[in-house]
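A closer look at the structure
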Amino acid sequence: MKKNLLLILTRNPELGKCKTRLAAKVGDEAALEIYKFLLQRTVDFTKALAVEKWVFYSEEIWKDDLWDNSIYGKRLQKGTDLGERMQHAFSEGFNAGFDNVIIIGSDMYHLTQSDLEEAFAQLDNHDFVVGPAEDGGYYLLGMKTLKEALFQHKAWGTDTVLEDTLKDISNDTVSLLEVKNDIDYYEDIKDIKVFEPFLKHIKE
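Attention shifts here to the pattern of salt bridges. Inspection of the entire model under this criterion finds 15 salt bridges. With a shortest N-O distance of 4.0 Å, Asp44 and Lys47 are connected by a salt bridge. Classification of Asp44 by relative accessible area gives partly exposed; the value is 40%. A residue is classified by how much of its surface remains accessible, and Lys47, at 42% relative accessible area, is partly exposed.

Encoded structure:
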């Protein structure tokens, strides 16, 4: 009986290919260093989580990186947009026999292991669990059965994603987690002290 699976979507951390909206303000090199910091942060709060964990790479699977092969299964994202990539990842998880599947990105500074434990616990008595993001999207999505409508007809990266997603599951039982902020823009990090070393060169 396979119970819980955590899916982590990640971009291969390469110069000029990650955190492009952030890079528009801080530059490619700083954006890459910030993303590497966030990746390590994601490892730190997921590695001890007592569930199966799969990392989905954007470009190619890296065997020797910060994602320990003994802790994380490694797969490749498939699809032309975020919706297709998430749907494919969920589909793989359910096809492998898991009961509860949750997906997160790898750009959350404020997420913790206990947040993820709470999210999985909510699936014991809810059909879906959603972590609303401050920008109108979501930072976490979990379910017990694959619902393809959640990944279709969405304007990904806009402030309508959460609202449209909740409409799709309005007839189901849904647990909403605490609103949190993911890291997409300079404004998301400029007042967080831990990011100051990455931003010394920025002039307001």
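What the seven strands build is an open sheet, ordered S3-S2-S1-S4-S6-S5-S7; its pairing is mixed. Strands at the two margins of the open sheet, each flanked by one partner only, are strand S3 (73-76) and strand S7 (174-176). Taken over all neighbouring pairs, the strand axes of this sheet differ in orientation by 20° on average, direction set aside. On the sheet, helix H2 (residues 28-46) packs against strand S1 (2-10), strand S2 (52-57) and strand S4 (98-104) and is oriented at approximately 170° with respect to S1.

Our next topic: unusual backbone geometry. The phi angle at Lys19 is positive, at roughly 50°, despite the residue not being glycine. The topology assignment puts Lys19 in the loop between S1 and helix H1 (20-26).

Cut-offs and rules
Residues numbered from 1 in each chain as written. Predicted model: local features only at pLDDT ≥ 70, side-chain atom pairs only at ≥ 80, totals over all residues. Heavy atoms only, no water. Salt bridge = Lys/Arg side-chain N within 4 Å of Asp/Glu carboxyl O. Buried < 20%, exposed > 50% of the residue type's maximum accessible area, 1.4 Å probe, protein only. Pairing = 2+ DSSP bridges. Helix = DSSP H or I, 4+ residues; strand = E, 2+ residues; numbered from the N terminus. Axes fitted to C-alpha atoms, helices over the stretch in contact; angles between N-to-C directions. Contact = heavy atoms within 4.5 Å.

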